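Close look at the chain arrangement
Residue strings, one per chain:
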Amino acid sequence: MNYRVGDILITRDQISARVNEIAEDIRKNLAENKNGQELLVAGILKGAVVFIADLVRAIGRDVDVRMDFMALSSYGSDTKSSGIVRIVKDLDTYIEGKNVLIVEDIIDTGLTMSYLLSILQRRGPANLKVCSLLNKEGRRKVPVVVDYCGFEIPDEFVVGYGLDYSGRWRHLPDIHVAVPV
Ligand code: PRP
C-alpha cells in the first residue's frame, strides 16, 4: 500500500504550545526532586529527534540537561507483536543514580517502551520517566505509564514532526494523517 500526506491532525502551533507545557512540568518536577536538577534526556532514534530538539530548548538553562540517544530495531517481522527489541545503538552514558527521561515520538502497543523500561531499570537510575509526544492508549498490548504525554491520538497512521512513512516526511513541521492511495 502507498500513502500520501493527508490533513493536518496537530498543527505546529499546537505542538509548540504543548512542548512548552511539558517542559514546564519537567522543570517543576525536577525542582521538587531530592536528587537534583540534572536530567539525562534519552532520545529514541529516529522518530523522536525533532521533538527532542524542541523539548530540550524549551526546558531551558535552569536545568542541567544532557542528551543521549538509543536506536532500537525489531527482530524481523514478528517483533512488533513479541516485543523483543534489539538495541542497535546503546546509550553512551552510565545511568546509575541519574534522573533519566526517555523521550519517544509515539507509544502504540507499548511493547517497545515496556521492553526498554525493563532494560534501563536494571541499570539502577535514580529516576526513570517516560515522555512521549503522541500516545495511542487504545492500541495497548501491555500497560505503560506515560509520565509526560503530548497528545492522545486515535488509531490513525500519522506522519510529520519526526514521524515517517518508509523514511519520508519526518521533516514536515505539522503532524498529518497519512492517507492510503
Ligand atoms: C516507533 C516509535 C516507538 C515504537 C512504538 O518506532 O518510535 O519506538 O514505534 O511502537 P509500540 O508501542 O507498538 O512498540 P519506529 O519503529 O517507527 O522507528 P522510528 O522512530 O525510527 O521511525
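Residues numbered from 1 in each chain as written. Predicted model: local features only at pLDDT ≥ 70, side-chain atom pairs only at ≥ 80, totals over all residues. Heavy atoms only, no water.

1. Quick look at the site of the ligand
- In the vicinity of the ligand, 15 residues are found, and the nearest of them are E104, D105, T109, G110 and T112.
- Separating an oxygen atom of the ligand from a side-chain N or O atom of T112 is a distance of 2.5 Å.
- Here an oxygen atom of the ligand sits 3.1 Å away from a polar atom, N or O, in the side chain of D164.
- Contact with the protein chains hides 78% of the accessible area of the ligand, taken as 500 Å² for the molecule alone.
- For the shell around the ligand, the secondary-structure elements that each account for two or more residues are β5 (99-107) and α4 (111-121).
- Ranked by residue count, the leading element in the shell around the ligand is β5, at four residues. (Near = heavy atom within 4 Å. Polar contact = N/O pair within 3.5 Å; in protein donor to acceptor, adjacent residues only side chain to side chain. Areas by Shrake-Rupley, 256 points an atom, 1.4 Å probe, with all protein chains shown as cover. Helix = DSSP H or I, 4+ residues; strand = E, 2+ residues; numbered from the N terminus.)

2. Regarding helix α1 (residues 12-31)
- With 20 residues, α1 extends 28 Å between its outermost C-alpha atoms, agreeing within 8% with the 28 Å of an ideal straight helix rising 1.5 Å per residue.
- Within α1 the residues assigned to the buried category are I15, V19, I22, A23, I26 and L30. Along the long axis of α1, the arc covered by the buried residues comes to 105°, so they all point the same way. Projecting away from the buried face of α1 at angles above 90 degrees are the exposed residues D13 and A31. (Expected span 1.5 Å × (residues − 1). Buried < 20%, exposed > 50% of the residue type's maximum accessible area, 1.4 Å probe, protein only. Arc of directions from axis to C-beta.)

3. A word on helix α2 (residues 49-59)
- What α2 keeps buried is the set F51, I52, L55, V56, A58 and I59. Summarising the axial view, the buried residues of α2 lie within an arc of 160°, below the 170-degree limit, and thus occupy one face.
- Lining the buried residues of α2 we find α1, β2 (38-45), β3 (64-74), β5 and β6 (127-135).
- Residue G60 follows α2 closely and has a positive phi angle near 90°. (Contact = heavy atoms within 4.5 Å.)

Distances and angles like these do not, on their own, reveal function.
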